[in-house]
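Structural description and commentary
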Amino acid sequence: MAAIVNLLKSGDYQSLKKKVTFTFDDGYRDFLTGALPVLLRHKAPATVFIVTGMLGEKASWSGNSKHVQLMAEDEIRHIRAQGIALGSHTMTHADLTTLDQEELYRQLKESRARLRDLGESFYAFSYPWGQWSSQASGAVKASGYECAVTVSGEIRPGRADIYCLPRITMRGDMDFKSFQAFFLPADC
Ligand SMILES: [Zn+2]
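Residues numbered from 1 in each chain as written. Predicted model: local features only at pLDDT ≥ 70, side-chain atom pairs only at ≥ 80, totals over all residues. Heavy atoms only, no water.

1. What to know about the pairing of strand S2 (residues 46–50)
Applicable threshold: Throughout, exposure labels follow a simple rule: accessible area from a 1.4 Å probe, protein chains only, divided by the maximum for the residue type, with under 20% read as buried, over 50% as exposed, and the rest as partly exposed. Per the convention used, a helix needs a DSSP run of H or I reaching at least four residues, while a strand needs a run of E reaching at least two, with both numbered from the N terminus. Note on pairing: DSSP must find at least two bridges between two strands before they are called paired. With the strands aimed away from the viewer, a crossover counts as right-handed if its path from the first strand over the helix to the second runs clockwise.
Among the five residues of S2, five are classified as buried, and the element is accordingly described as predominantly covered. Of the two faces of S2, both are covered, the one formed by Ala46, Val48 and Ile50 as well as the one formed by Thr47 and Phe49. Bridge count for strand S1 (residues 22–26) against S2 is five bridges, and the pairing is parallel. Bridge pairing in S2 links aspartate 25 to phenylalanine 49. For the segment spanning S1, helix H3 (residues 31–41) and S2, crossover handedness is right-handed. As defined by bridge partners, S2 adjoins strand S3 (residues 85–88) across four bridges and the pair is classed as parallel. If you follow valine 48 over to S3, its bridge partner there is leucine 86.

2. Details of H3
As a reminder, the rule being used: For this quantity, the arc is that covered by the directions from the helix axis to the C-beta atoms. Here, residues are in contact when the closest pair of their heavy atoms is within 4.5 Å.
Three or more residues of H3 are buried, namely Phe31, Leu32, Ala35, Leu36 and Leu39. Taken down its axis, H3 places every buried residue within 115° of arc, on the same side. Along H3, the residues that are exposed and aim more than 90 degrees away from the buried face are Thr33 and Arg41. Buried-residue contacts for H3 involve S1, S2 and helix H4 (73–81). With its phi angle positive at about 50°, lysine 43 sits one or two positions after the end of H3.

3. Considerations on helix H5 (residues 101–117)
Filter applied, for reference: By this rule, a helix spans an expected 1.5 Å times one less than how many residues it contains.
With 17 residues, H5 extends 24 Å from end C-alpha to end C-alpha; this agrees with the ideal 24 Å at 1.5 Å per step. Here the buried face of H5 lies against S2, S3, strand S4 (124–126) and helix H6 (134–142). Positive phi appears at glycine 119, one or two residues downstream of H5, with a value of about 100°.

4. Considering unusual backbone geometry
Generally, phi is negative for residues other than glycine and the peptide bonds are trans, each holding for most cases. Of note in this structure, lysine 18 is not a glycine but carries a positive phi near 65°. Although it is not a glycine, tryptophan 129 sits at a positive phi angle of roughly 60°. Mapped onto the elements, tryptophan 129 comes out in the loop between S4 and H6.

5. A word on the side chain of threonine 90
You can see threonine 90 is positioned in the loop between S3 and H5. The contact partners of threonine 90, leaving out residues within four places of it in the chain, are Ile50, Val51, Thr52, Gly53, Leu96, Gln107, Ser111, Phe125 and Pro128.

Below, the structure written as structure tokens:
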């Protein structure tokens, strides 16, 4: 994320071509066995956006995944030591657009402080539920984050807002062909 944000800031869109980074929301424990070995094998850069107030707990915010285990602090420190970047996904997976001003800033500032404690020095943020507003993105910036990502959106480097960066969603049921289709013209 840091390399891409720096290129976006400098307007070096040529160098951005063919640059890819992987991001993972929530910090599920199966990252350790599913994604980490593959990322390390391919030396692929990645950021995991963690729910900093719920390390080691279950993903209780979601009906679908409420029993899914989140990585504990020692596991987060382990992936950081392996070169995986950490980002914030708030303290409690809060929808920023529903919070009052005080709670909005508390979620952002406490979460950022937690990232620092865990050894992170580049502060990236991912909006829980993909929910953002101009007030929310302003608060993310004012709280000392260097960029923020949404869950979807059109990739237009020349017009990128670094506090509202789009991502391409990869789901478990997608095969390689449908993933390729994001990048290649239909007749390739
Ligand atoms: Zn999430």
